[in-house]
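The chain contents come next:
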Amino acid sequence: MKILVAVKRVIDYNVQIRVKEDGSGVVTDNVKMSTNPPDDNAIEEAVKIKEAGKAKEIVAVTVGEEKAQETVRKALAVGADRGILVKASGTVEPLAVAKILQKIVEKEKPDLVFMGKQAIDDDCNQTGQMLAAILNWPQATFASKIEVKEKVLEVTREVDEGLETIEVSIPSIVTCDLRLNEPRYASLPNIMKAKKKPLEQIDASELGVDIKPRIEQIKVEEPPKRKAGIKVSSVEELVQKLKNEAKVI
Amino acid sequence: MSREVMEYDVVIIGGGPSGLSAAIKLKQLNAELNICILEKASEIGAHILSGNVFETRALDELLPKWRDLNSPIKTKVSKEKFLFLGKKKSFSWPTWLLPKVQQNHNNYIISLANLCRWLAEQAEGLGVEIFPGFPASEILYNDDGSVKGVATQDMGLDKNGEKKDSYEPGMELHAKVTIFAEGCRGHLGKELIKKFDLNKGKDPQQYGIGFKEIWEITEEQHQEGLVMHTAGWPLDNQTYGGSFMYHAENKQIFLGYVIGLDYKNPHLSPFDEFQRFKTHPSIKKYIENGKRISFGARALIEGGIQSLPRMYMPGALLVGCDAGTLNMPKIKGSHTAMKSGMIAAETIFEHLNQQKDLAIYEEKFNKSWVYEELYAARNVKPSFSWGLLLGIIFTGLDQIIFRGKLPFTLRHKHADHETLKDAKDMPKIDYPKPDNKITFDKTSSVYLTGTNHAENQPVHLRLKDPNLPINYTLKKYDEPAQKYCPVGVYEVQIVNGSSKFVINSQNCIHCKTCDIKEPSQNITWVTPEGGGGPKYGNM
Amino acid sequence: MSVLLIAEHNNKEVKQFTFNAITAASQINDDLHVLVIGKNADPVAKSISEVPNVKKVIHVDNDIYENYIAENYTPVILKLSENYSHIICSANTFGKNLMPRIAALLDTSQVSDIIKVISEDTFLRPIYAGNAFATVKSTDKKKCITIRPTSFDAAPTSGGSAEIVKGENTDPSENTKFLKKEEIKSDRPELGTARIVISGGRGMQSGDNFKLITAIADKLNAAIGASRAAVDAGYITNEHQVGQTGKVVVPDLYIAVGISGAIQHLAGMKESKVIVAINKDGEAPIFSVADYGLEADLFDALPKFLEELNKLNTIQK
Ligand SMILES: Cc1cc2nc3c(=O)[nH]c(=O)nc-3n(C[C@H](O)[C@H](O)[C@H](O)COP(=O)(O)OP(=O)(O)OC[C@H]3O[C@@H](n4cnc5c(N)ncnc54)[C@H](O)[C@@H]3O)c2cc1C
Ligand SMILES: Cc1cc2nc3c(=O)[nH]c(=O)nc-3n(C[C@H](O)[C@H](O)[C@H](O)COP(=O)(O)OP(=O)(O)OC[C@H]3O[C@@H](n4cnc5c(N)ncnc54)[C@H](O)[C@@H]3O)c2cc1C
Ligand SMILES: Cc1cc2nc3c(=O)[nH]c(=O)nc-3n(C[C@H](O)[C@H](O)[C@H](O)COP(=O)(O)OP(=O)(O)OC[C@H]3O[C@@H](n4cnc5c(N)ncnc54)[C@H](O)[C@@H]3O)c2cc1C
Ligand code: SF4
């Protein structure tokens with residue numbers, strides 16, 4: 001079995017986001033970037049499946065600028081065998097990423113595609129489902145447990161009401177939740193070895209898909225600051241206000 | 001699990017200006033050498049904090065074509081000011097009366113972190129392997145006692161030091177020569193200085209704590225290229241320190257404050273002095289309609305030539321601020337750190353090629369312009385132990401009239417941890433509450449640093465005696481860790497009527513002040529799990 | 001053209017979030033049609049037809065729709081999509097799973113998780129976990145949109161009488177099978193989804209004192225949160241931590257007790273609808289974000305608070 005894992009390079013989750021003054025976006029220059037956190041879970045799961053002898057090869061793919069290579073290298077350091085960087089600059093919307101990944105899937109013919117459930121930058125939560133749709137593959141989103149069976153996967157999904165278990169046939173797309181597993185560290189010896197693993201670069205324009213953005217970003221601004229309310233003088237007053245004014249109890 | 005081993009010709013600990021310059025120079029001398037750099041930050045630059053007004057002398061020698069290589073050195077200094085601050089007033093010192101070393105017209109206002117990122121690209125282009133996120137935590141020695149290399153930190157230990165599922169042992173890196181370039185108060189450098197007695201016959205080392213904030217200010221107040229320094233208020237005459245304000249590109253200013261860690265009053269809070277300083281009318285006017293976008297702090301090394309340890313030992317060299325090459329009157333250490341790294345590279349090249357002893361490092365260093373600079377600067381810092389006014393008068397004579405050539409050398413008498421007076425004998429200081437516009441508290445400041453450490457790992461701030469803070473330091477000095485730590489890592493909490501010493505190690509921004517100032521040297525800073533600590537952008 | 005909203009339900013009842021989505025959808029265009037796909041879901045179709053904002057209900061009923069499977073819903077919606085300019089649903093796990101599948105097959109770039117309708121093609125949405133707001137304009141002909149339910153009021157649920165028409169089912173997917181669902185039942189709502197959260201900080205002084213919080217949480221059917229200082233001091237376990245390195249919560253009511261309001265804590269709760277702070281330090285930063293601040297000793301205030309709550313008989317469970 002072959003697993004393709006999509007990984008995205010995003011602003012590190014510890015970095016405080018700063019909105020540009022001119023409203024054109026957020027500051028990304030000289031900002032620490034990392035792998036989108038649930039994508040680490042996706043790689044980890046693929047590696048676990050491979051370690052259990054159920055998969056032969058793991059290919060990590062990213063769509064982005066030249067520097068997104070680092071993200072693929074990190075995936076290689078924790079156990080992916082091969083990497084692909086699809087070079088694309090500027091905004092690449094989830095639909096476009098899905099179309100690019102479709103081409104990669106056609107070329108690589110993986111049995112499974114693992115991805116993160118959501119990227120922490122644009123918070124779109126779309127790419128996996130879109131890829132599943134255009135490939136006409138089944139999808140298992142928000143996976144918190146994956147069992148590989150013969151020809152099918154049994155996937156436990158984290159949904160609003162609790163947990164739901166579904167069975168999807170292979171090939172399929174799985175998007176991973178943070179609770180799926182605990183990603184391992186990239187150890188120094190493995191990082192050294194990862195430098196020697198193959199990393200193919202493809203230009204998005206060679207793939208013949210339309211990746212022009214369809215959504216115009218008019219402006220990005222800071223969320224409005226919360227204002228202080230009032231001070232109440234007693235517990236009685238507080239309860240009255242909560243009941244009659246705020247109507248929350 | 002045993003540790004994997006990797007052999008290199010040269011292993012460099014620390015990806016700051018000194019370590020990166022050493023790596024580049026080595027590759028220029030011999031492209032065949034296998035060189036790697038370990039850096040504890042999650043990426044190069046993320047733990048670098050500096051002013052920074054940059055003198056290009058070392059870079060001109062290292063990469064003479066830097067102007068054509070898209071370097072982040074853009075803003076030339078165009079104007080200078082020096083102010084003495086009184087409580088409300090200020091008095092401007094004519095720049096022609098500034099000592100030459102404090103004049104900056106050929107220098108540039110840069111972000112040192114960005115310069116390091118760029119130097120790292122140059123180094124990688126030459127084939128240097130750089131591994132960010134991997135602190136060197138242990139020095140390895142050969143049987144003959146010489147330095148063999150280092151080991152990186154184990155990862156995946158829990159807070160009791162037990163292995164978690166994710167445990168990964170550290171790795172050993174062996175080298176023909178190891179260069180320690182950890183910057184000010186490197187924790188391995190500290191061990192080497194002790195083990196090889198490198199500071200024998202030298203004065204105790206001197207340190208300062210430096211703060212820096214980046215502000216985005218209004219067009220009207222911004223004057224790209226302006227460099228301004230102040231002395232005086234809010235510090236008293238007995239406390240050594242001053243501020244800097246550098247107007248960089250993109251309407252940003254780098255606003256900072258440095259306080260000598262030889263201060264005496266345990267109630268003094270360097271963080272709050274810096275915050276208070278910003279309320280002075282001649283400072284406030286620049287920032288009051290601006291926005292603070294970054295914050296950070298880092299110790300700097302100020303002892304100069306009198307305190308500079310021997311920088312070579314069997315199998316290893318110390319470079320840059322890990323040794324102490326900063327020029328205090330200039331408040332510049334980047335160019336000297338770089339040059340010391342380059343000299344180290346030349347030394348190693350000759351050592352490997354011609355079997356010369358590493359001791360030639362000292363000869364080369366003493367013949368270089370770095371030594372000349374540091375020698376001329378040597379009397380400035382100690383003279384300030386007489387107080388600000390006498391210090392200034394002396395410095396004027398020493399630097400302007402005699403140009404550092406006075407026939408004597410003033411000594412540093414005390415280490416910084418020895419200078420605190422008893423809390424009861426010193427005045428308490430009432431710092432104003434932050435207004436969240438120009439002054440802020442510690443928690444909202446650390447927020448801007450992007451600092452984090454993985455939870456459930458061993459505390460990286462070790463107490464030699466865990467009871468000392470409450471039983472002794474609290475009584476005698478009112479536990480000054482609560483004050484000197486710039487981000488509130490140390491707290492004394494009252495729990496059920498008794499005091500408890502709390503260490504919020506996750507907040508630590510790796511400034512090393514506690515390791516320096518703790519009066520009993522009871523706190524030892526060690527490396528936390530890789531990638532932890534601040535995530536500075538263009539500091 | 002009209003807008004089509006996909007209802008979320010469990011075949012018997014409409015999920016609350018659908019009513020919030022109805023409000024948002026009718027702000028885009030008041031010719032709002034709602035699609036109910038289910039098995040024996042007549043009561044659902046009926047309740048929705050009573051929502052005054054709804055102009056028409058399309059009801060597709062078949063055994064294959066007993067459980068919600070995006071692969072089975074999608075073709076039904078695609079078939080109907082021709083007549084609509086916007087396809088909408090709420091941005092919870094239901095809508096997040098479904099909508100991109102529809103959007104991709106319509107070759108449309110979806111706009112996720114909107115918090116405000118600016119015009120029929122322009123919306124406000126949070127990015128970077130709410131640390132920035134983006135105003136975005138969709139240039140696609142057909143627009144696929146998911147709505148953050150907590151940003152819109154629920155539509156009134158009675159007074160209307162829209163017509164209910166039957167729609168056609170499509171063939172089910174053979175590649176996806178529903179196996180089971182476990183609703184997590186616990187005595188207390190989960191921190192991440194609770195309507196009310198009450199959190200204690202270092203001011204609680206001990207783990208034992210958290211029983212004051214627990215008693216109120218029981219009464220209000222609230223989840224229990226904590227500051228990191230309280231967690232670090234061992235008063236409570238770290239699953240309860242709210243903030244930058246803990247959970248991010250957006251309840252209707254957040255009560256912070258003995259919490260100073262450090263920015264790292266605020267990062268986890270400042271989007272709450274109503275914030276109450278109980279703190280004895282009148283200058284604590286938490287008061288600068290609180291709608292209702294009570295400057296008091298928590299050891300006096302909490303027992304009184306419980307007493308007052310006990311006097312009310314209207315608290316919803
Ligand atoms: C309204 C809007 C405005 C935008 N504006 C800008 C802008 O101004 N500048 C800009 O740079 N970007 C912009 N983008 C974002 C850019 O289009 C994103 O890279 C793309 O939309 C992916 O979105 P996401 O990561 O949130 O997707 P999600 O669907 O949340 O991603 C889920 C998963 O898909 C996979 N994945 C997603 N993207 C990639 C990728 N590139 N490579 C490999 N795997 C991937 C990962 O496994 C990820 O975990 C904008 C997006 C939108 C919707
Ligand atoms: C507030 C302030 C203002 C300053 N202003 C100026 C100025 O205007 N001009 C000027 O020229 N100089 C200035 N300096 C001084 C200058 O920043 C230093 O002299 C210079 O950074 C020293 O370089 P270095 O390479 O020796 O050490 P550093 O720059 O400190 O770099 C050391 C590197 O090693 C890493 N490291 C440390 N320990 C380990 C370990 N165990 N394992 C792995 N990695 C490790 C660190 O993370 C860091 O990246 C200023 C300093 C401060 C604090
Ligand atoms: C990288 C990083 C991540 C962090 N992540 C988080 C996080 O996710 N969540 C989080 O909460 N914090 C986080 N913090 C810590 C944060 O900065 C604060 O230290 C913490 O939130 C303080 O908790 P507290 O308000 O309970 O304690 P304190 O700040 O000590 O406040 C206690 C409050 O209780 C009040 N009080 C005391 N006694 C009484 C009484 N009897 N009656 C009424 N009021 C009383 C006091 O007036 C005071 O305001 C993080 C810090 C860092 C650096
Ligand atoms: S704990 Fe020590 S090293 Fe860390 S920030 Fe505080 S003073 Fe600096």
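What counts as what
Residues numbered from 1 in each chain as written. Chains lettered and ligands numbered in written order. Predicted model: local features only at pLDDT ≥ 70, side-chain atom pairs only at ≥ 80, totals over all residues. Heavy atoms only, no water. Contact = heavy atoms within 4.5 Å. Buried area = accessible area lost by both parts, 1.4 Å probe. Salt bridge = Lys/Arg side-chain N within 4 Å of Asp/Glu carboxyl O. Polar contact = N/O pair within 3.5 Å; in protein donor to acceptor, adjacent residues only side chain to side chain. Helix = DSSP H or I, 4+ residues; strand = E, 2+ residues; numbered from the N terminus. Nonpolar A, V, L, I, M, F, W, Y, C, P; charged D, E, K, R; others polar. Pairing = 2+ DSSP bridges. Phe/Tyr/Trp six-rings, centres within 6.5 Å; stacked < 30°, edge-to-face > 60°. Buried < 20%, exposed > 50% of the residue type's maximum accessible area, 1.4 Å probe, protein only. Lys NZ or Arg CZ within 6 Å of the ring centre and 35° of its normal. pLDDT = per-residue confidence, 0-100.

### Remarks on the interface of chain B and chain A
Then, in step 1: Facing 33 residues of chain B, the contacting portion of chain A comprises 20 residues.
Then, in step 2: Interface of chain B and chain A: buried area, both sides summed, is about 2,300 Å²; carbon and sulfur atoms make up 56% of it.
Then, in step 3: Considering only the surface of chain B that becomes buried against chain A, B:F131, B:F134 and B:K535 emerge as the three largest contributors, covering 20% of it.
Then, in step 4: Between the two partners, chain B and chain A, sit five salt bridges.
Then, in step 5: Ionic pairing is found between B:K291 and A:E222, a salt bridge with its closest N-O pair at 2.7 Å.
Then, in step 6: On inspection of chain B and its partner chain A, the count reaches six residue pairs in polar contact (both at pLDDT 80 or more).
Then, in step 7: Elements that contribute at least two residues to the side of chain B that touches chain A include exactly β1 (5-13), α3 (112-125), β8 (129-132), β11 (155-157), β12 (163-168), β18 (291-301) and α12 (442-448) of chain B.
Then, in step 8: The residue makeup of the side of chain B that touches chain A, split by class, is twelve nonpolar, ten polar and eleven charged.

### Regarding the interface of chain C and chain A
Then, in step 1: Counting residues at the interface gives 77 residues for chain C and 72 residues for chain A.
Then, in step 2: Between chain C and chain A the total buried area reaches about 6,500 Å² when both faces are included, carbon and sulfur atoms providing 55% of it.
Then, in step 3: Three residues stand out in chain C for area buried against chain A, namely C:R101, C:Y128 and C:Y292, and they jointly supply 12% of the buried area on that side.
Then, in step 4: Connecting chain C to chain A are seven salt bridges.
Then, in step 5: Measuring nitrogen to oxygen at the nearest pair gives 3.8 Å for the salt bridge that ties A:E164 to C:K181.
Then, in step 6: Counting across the chain C and chain A interface gives 44 residue pairs in polar contact (both at pLDDT 80 or more).
Then, in step 7: Looking at the side of chain C that touches chain A residue by residue, the class counts come to 33 nonpolar, 21 polar and 23 charged.
Then, in step 8: The pairing of strand β9 (residues 162-169) of chain A with strand β11 (residues 176-183) of chain C spans seven bridges and is classified as antiparallel. By the bridge assignment, A:E164 is partnered in β11(C) with C:K181.

### Section: the sheet that holds strand β12 (residues 215-221) of chain A
Then, in step 1: An order of β12(A)-β8(C)-β7(C)-β6(C) is seen for the four strands of this open sheet, with the pairing classed as antiparallel. What marks the edges here is a single partner per strand, and that holds for β12 of chain A together with β6 (116-117) of chain C.
Then, in step 2: Pairing of β12(A) with strand β8 (residues 132-138) of chain C, which is carried by six bridges, proceeds in the antiparallel orientation. Looking at β8(C), one finds that A:Q217 is bridged to C:V136.

### Looking at the packing of aromatic side chains
All names here are of chain B.
Then, in step 1: The tally for this structure, following the rule as stated, stands at 24 aromatic pairs over all chains.
Then, in step 2: Summarising the aromatic geometry, the rings of F211 and F271 are spaced 6.3 Å apart at their centres and angled 70° between planes, so their arrangement reads as edge-to-face. Placement of F211 in strand β14 (residues 207-216) and of F271 in helix α5 (residues 270-277) is noted, with a sequence separation of 60 residues between them. In this pair, the class of F211 matches that of F271, namely buried.
Then, in step 3: By way of ring pairs, the aromatic residues F211, Y257, F271, F274, F277 and F295 are connected into one cluster.
Then, in step 4: A cation over an aromatic ring shows up here: K163 above the ring of Y167, its NZ or CZ 4.8 Å from the ring centre.
Then, in step 5: The side chain of K512 reaches across the aromatic face of W525, ending 4.3 Å from its centre.

### Regarding the environment of C:L78
Residue and element names in this part refer to chain C.
Then, in step 1: Here L78 is to be found in helix α3 (residues 70-81).
Then, in step 2: In the structure, L78 is positioned 23 residues away from R101 in sequence and 10.0 Å away in space, judged by C-alpha atoms.
Then, in step 3: Not counting residues up to four positions away in its chain, the partners in contact with L78 are I102, L105 and L106.

### A few points about the confidence of the model for chain C
For any part of a model where pLDDT is low, the fine detail of the predicted coordinates should not be relied upon.
Residue and element names in this part refer to chain C.
Then, in step 1: Counting all residues, the mean pLDDT for chain C is 93, and 98% of those residues have values of 70 or more.
Then, in step 2: Looking over chain C, one finds the lowest element-wise mean pLDDT in β11, namely 90, and the highest in strand β14 (residues 253-257), namely 98.
Then, in step 3: Predicted as a complex, the structure gets a pTM of 0.89 and an ipTM equal to 0.91.

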